[in-house]
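Here's the letter readout for the chains.
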Amino acid sequence: MTVKFSNDSEAFLSVLTLVAGADQSGSLEERDFLFNKVKGLAIFGNPSTADFSKLLGRVTDAVYAGVAQQDGEFTAAGVDSLLGEVRKTLNPDLRKSLVQIATELGGTDGADAKETALLDQIRRTLG
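Rules used in this analysis
- Residues numbered from 1 in each chain as written.
- Predicted model: local features only at pLDDT ≥ 70, side-chain atom pairs only at ≥ 80, totals over all residues.
- Heavy atoms only, no water.
- Phe/Tyr/Trp six-rings, centres within 6.5 Å; stacked < 30°, edge-to-face > 60°.
- Helix = DSSP H or I, 4+ residues; strand = E, 2+ residues; numbered from the N terminus.
- Buried < 20%, exposed > 50% of the residue type's maximum accessible area, 1.4 Å probe, protein only.
- Contact = heavy atoms within 4.5 Å.
- Core = buried A, V, L, I, M, F, W, Y, C linked by side-chain atoms within 4.5 Å.
- Axes fitted to C-alpha atoms, helices over the stretch in contact; angles between N-to-C directions.
- Left-handed = near helix turned anticlockwise from the far one by under 90°.
- Nonpolar A, V, L, I, M, F, W, Y, C, P; charged D, E, K, R; others polar.

Geometry of an aromatic ring pair is reported as the spacing of the ring centres plus the angle between the planes. Scanning the model with the defined rule gives four aromatic pairs in all. Look at Phe12 and Phe44: their rings are 5.9 Å apart centre to centre, the planes differ by 85°, and that puts the pair in the edge-to-face class. Separated by 32 residues along the polypeptide, Phe12 in helix 1 (residues 8–21) and Phe44 in the loop between helix 2 (28–36) and helix 3 (49–66) bring together distant segments of the chain. Taking relative accessible area as the criterion, Phe12 reaches 1% and is therefore assigned buried. Aromatic ring contacts, followed pair by pair, group Phe12, Phe35, Phe44 and Phe52 into a single cluster.

Below is the structure:
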């Protein structure tokens, strides 16, 4: 399976979806970060909270349906595939911004070992 993106904002959010779900628990801190910081990034075009919520929901659904999983966790191959698509979709400046934002998101609720490993993989692939 694979995830296809309609635009840069979907590609950007797909990686943040991986980070928020890496510890199998989206936290209130992660939600607040997404809606208070990420929503305001220029790539999203200043959407309403409702529109951003719909976009985030659509992207999250696509990631969970399209990225290979085993025992409820994303597989390394699935993550590699998604990151490869994101790398092809985003320009270098957006990839740099995404790495920074993903790192900040991972730290909002204290990154565990899974989140730290995923963030390292994101840096290697997109940085």
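Within the secondary structure, Ser9 is located in helix 1. Setting aside chain neighbours within four positions, we find Ser9 in contact with Ile43, Phe44 and Leu55.

Here we take up the nonpolar core. Judged by nonpolar contacts, the single largest core of 37 residues is most densely connected at Leu13, Leu16, Val38, Val86 and Ile122. Those elements giving two or more residues to this core turn out to be helix 1, helix 2, helix 3, helix 4 (76–89), helix 5 (92–107) and helix 6 (113–126). With residues near it in sequence (within four places) discarded, Leu16 still touches Leu34, Val38, Leu98, Ile101, Ala102 and Leu105.

Time to look at unusual backbone geometry. Even without a glycine there, the phi angle at Asn46 is positive, about 55°. Along the chain, Asn46 turns up in the loop between helix 2 and helix 3. Not every positive phi belongs to a glycine, and Asp71 is a case in point at roughly 55°. Considering the arrangement of structural elements, one finds Asp71 in the loop between strand 1 (69–70) and strand 2 (73–74). With relative accessibility at 76%, the residue Asp71 sits in the exposed group.

Our next topic: the environment of Ser81. Take Ser81: it is sitting in helix 4. By relative accessible area, which is 30% here, Ser81 ends up partly exposed. Taking the C-alpha atoms as reference, Ser81 lies 21 Å from Leu55; in sequence the two are 26 residues apart.

To continue, consider the packing of helix 4 against helix 6. The N-to-C vectors of helix 4 and helix 6 enclose an angle of 40°; their axes lie 10 Å apart at closest approach. Note that helix 4 runs across helix 6; the crossing there is right-handed. Contact with helix 4, carried on its side by Ala76, Val79, Asp80, Leu83, Val86 and Arg87, involves Leu118, Gln121, Ile122, Thr125 and Leu126 of helix 6 and no other residues of that element. Here the residues of the contact of helix 4 with helix 6 sort into seven nonpolar, two polar and two charged.

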